[in-house]
Amino acid sequence: MSALTATSPAPIAQRRTFAIISHPDAGKTTLTEKLLLFGGAIHLAGAVKAKKGGQSARSDWMAIEQQRGISVTASVMTFEYNNHTINLLDTPGHKDFSEDTYRTLTAVDSAVMVLDGAKGIEEQTLKLFEVCRLRDTPVITFINKMDRDTKEPFELLDEIEKTLALDVCPITWPIGMGGRFRGCFNVMTDTLYLFDDNSGARIVEAIQFKGADDPTLDEHIPAAELAKFREEVAMVKAIYPDFNKQSYLEGHLTPVFFGSAINNFGVRELLEALCDLAPPPRVQAADPRAIKPEEPKFTGFVFKIQANMDKNHRDRIAFVRICSGKYTRGMKVLHVRSGKTLALNNPVLFLARERELAEEAWPGDILGIPGHGHLHIGDALTEGEQLYFTGIPNFAPELFQRVRLDDPLKSKQLKAALEQLSEEGASQIFKPLDGSSWIIGVVGALQFDVIASRLASEYGVKGSFEAVQYTTARWLKCANKNKLQEFCDKNKYNTAEDASGQLAYLAPNAWHLQRIQQDWPDIEFLKTRENR
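Keep in mind that what you see is a predicted model, and the values were worked out from it rather than measured.

**Some words on the overall build of the protein chain**
In step 1: Each helix and strand counted, the protein chain has 13 helices and 33 strands in total.
In step 2: Burial status across the protein chain gives 56% buried among its 532 residues.
In step 3: The contacts in the protein chain between residues at least 6 apart in sequence include a share of 71% that link residues at least 24 apart.
In step 4: Carbon and sulfur atoms make up 49% of the accessible area of the protein chain, which amounts to about 22600 Å² in all.

**A short note on the pattern of salt bridges**
In step 1: Scanning the entire structure with this criterion turns up 21 salt bridges.
In step 2: Across the pair D158 and K162 runs a salt bridge, and its minimum N-O distance is 3.2 Å. One end of the pair is D158 and the other is K162, both in helix α6 (residues 153–164) and four residues apart, which spans about a single turn.
In step 3: Judged by relative accessible area, D158 falls into the partly exposed class, the value being 31%.
In step 4: By relative accessible area, which is 65% here, K162 ends up exposed.
In step 5: Measuring nitrogen to oxygen at the nearest pair gives 3.9 Å for the salt bridge that ties D218 to R230.

**A word on the side chain of R316**
In step 1: Assignment of secondary structure puts R316 in strand β14 (residues 316–324).
In step 2: A polar atom in the side chain of R316 sits 3.4 Å from the side chain of Q420.

**Points about the sheet that holds strand β32 (residues 524–526)**
In step 1: Within the open sheet, the eight strands sit side by side as β28-β25-β27-β26-β30-β31-β29-β32. Their pairing is antiparallel. In the strand order of this sheet, the two ends are held by β28 (463–467) and β32, each with one partner. Geometrically, the sheet is characterised by an average inter-axis angle of 40 degrees between neighbouring strands, direction not taken into account.
In step 2: Summarising the sheet, strand β25 (residues 399–405) and strand β27 (residues 439–442) pair through four bridges and their orientation is antiparallel. When the sheet's bridge partners are listed, R402 is paired in β27 with I439.
In step 3: The strands touched by helix α11 (residues 446–459) within the sheet are β25, β27 and β28, with β27 carrying the most contacts at an inclination of about 130 degrees.
In step 4: This element, helix α13 (residues 510–519), spans β29 (472–477), β31 (503–507) and β32 of the sheet and lies at about 130 degrees to β31.

**With respect to the confidence of the model for the protein chain**
In step 1: In the predicted model, the protein chain carries a mean pLDDT of 85, and 86% of its residues have values of at least 70.
In step 2: The low-confidence segment residues 46–74, where pLDDT is below 50, has 88 contacts with residues more than four positions distant or belonging to other chains.

**A short note on the packing of helix α10 (residues 411–423) against α11**
In step 1: Where α10 meets α11, the axes come as close as 11 Å, and the angle between the chain directions of the two elements is 120 degrees. When the axis of α10 is compared with that of α11, the two are oblique. α10 and α11 meet at a crossing whose hand is right-handed. Where α10 approaches α11, its residues L414, A417, L418, Q420 and L421 are matched on the opposing element by I451, R454, L455 and Y459.
In step 2: For the contact of α10 with α11, the per-class residue count stands at seven nonpolar, one polar and one charged.

The rules behind the values
Sequence order as written defines the numbering, with residues in each chain counted from 1. In keeping with the predicted nature of the model, local features appear solely for residues at pLDDT of at least 70, side-chain atom pairs appear and are counted solely at 80 or more, and the whole-chain, interface and lining totals rest on all residues. Working from all heavy atoms in the structure, the side-chain values ignore hydrogens and water. Where helices and strands are cited, they refer to DSSP runs of H or I of at least four residues and of E of at least two residues respectively, numbered from the N terminus. Note on classification: 1.4 Å probe, protein chains only; a residue is buried when its accessible area is under 20% of the maximum for its type, exposed when over 50%, partly exposed between these limits. A contact between two residues is defined here by any heavy atoms of the two lying within 4.5 Å. Only the protein chains shown count as cover for residues, with accessible areas throughout obtained via the Shrake-Rupley method and a probe of 1.4 Å. Salt bridges are counted wherever a side-chain nitrogen of Lys or Arg sits within 4 Å of a carboxyl oxygen of Asp or Glu. Two N or O atoms count as a polar contact when they lie within 3.5 Å, although within protein this holds only if one can serve as hydrogen donor and the other as acceptor, and sequence-adjacent residues are included solely when both atoms are side-chain atoms. Only strands joined by at least two bridges in the DSSP assignment are considered to pair. For helices, the fitted line uses only the C-alpha atoms of the stretch in contact; every axis is such a line through C-alpha atoms, and the angle between N-to-C directions lies from 0 to 180 degrees. Residue-level confidence of the predictor, termed pLDDT, takes values from 0 up to 100. Orientation is classified from the angle alone, with under 35 degrees giving roughly parallel, over 145 giving roughly antiparallel, 65 to 115 giving roughly perpendicular, and any other angle giving oblique. In this scheme, a crossing is called left-handed if the near helix is turned counterclockwise away from the far one by less than a right angle; it is called right-handed if the turn is clockwise. Residues were grouped as follows: Ala, Val, Leu, Ile, Met, Phe, Trp, Tyr, Cys and Pro as nonpolar; Asp, Glu, Lys and Arg as charged; and all remaining residues, including Gly, as polar.

What follows is the structure, given as structure tokens:
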């Protein structure tokens, strides 16, 4: 990672591109809504789990997301705040969609980790944090749901330090918890904010005080609670070191904020910290060289494909992270994988389900490029240079099923639908060399529900899933083409092509996979495959 140079264009320095990561139900999508509310992108926050006649979360556009109150795709939202352009990526929290989250984390410069104050660090949060650690991604922590009974704040900080091996620095400190949660104290600015607990849907300004010792606090907080709060603030200042920005940017320290997203407590402080503390666009790993954001020529990579976001247009959107240079509408770029030139005439910026035609964009920004399947995950776009961006893999699926059509005459529609859905990266399809039906492979079981829902609602294809005997897949790589062909001929019932034409071996169990690897030492069996 390198800092921007003094001569970097101001629009680059003003970009903040981050993802929100959490365990399901920690309040991630609610926090996303409230950041949009404080950023002025929306004027009334909707309930995440919509009741009859209510609003669904604006970042959850897919029908199954609105029905179940979960995020299963990564949504991209852009808005302005305090002279900064904020690119917020709301990722799936459910472990069955972790592959989409992993790729999304390749497109951000920092992350906000949301913890449920009552539960602390949960399984999926830990996994996603480890992904951030692998990429040295700076992480800000937001401890949510302080309006409920939670663990003690010092206990939560200790848990972060021990579980994540991460230094902590409290930036805000809660005043009480549960029914006695009254607000937050900003340790860095020595400012205290008391909140109105009825301010969830709209912004209501907090009552502000200077310092924990402000004598007028006696009029607002009972004496016993105020004494405990002042004692805790004194302990925080004595125990924890001052915030070290360089340590945060290197991924060794996390600034910690407390709050309640559903009531807007602490959201503004978090948003201001993202502007002040989070890094601008960082260097992107690529082959044969790394790409610096201040370079004059345009580069970018596709990290996500989403079909049918607008049912009226049956469209496909490729999400492109700009890494260097400046995008201007109508510019022509090289699609490195195909060698073809693309004219970028109609890319868009996103605010949840709303789109705005992008006239210009800078490193850190996320462009949505409409298309019909010519762009794939991992594709590089440049102004002529031959390169590809690394660290954007496909993962070997662990669950496999076949689709049985209710109407056999819709086999062509099924094939087209499965190919389109697999290009989005949430599922993979394999065509066995023995000529049998397409097999769907996924990382998590809930993905099958999403596929079935989308096949019916978006493609008019209805059917059922049936189990197959496979438990894992490995992509095949061999320098000797004759040896690879011999392998395929002898194992055609377990060998298939994926949607991109890559050969893969489908194993019925771990023992079988180990045995086949021993029998064919000249062939590599790959658990991941780079998109290039």
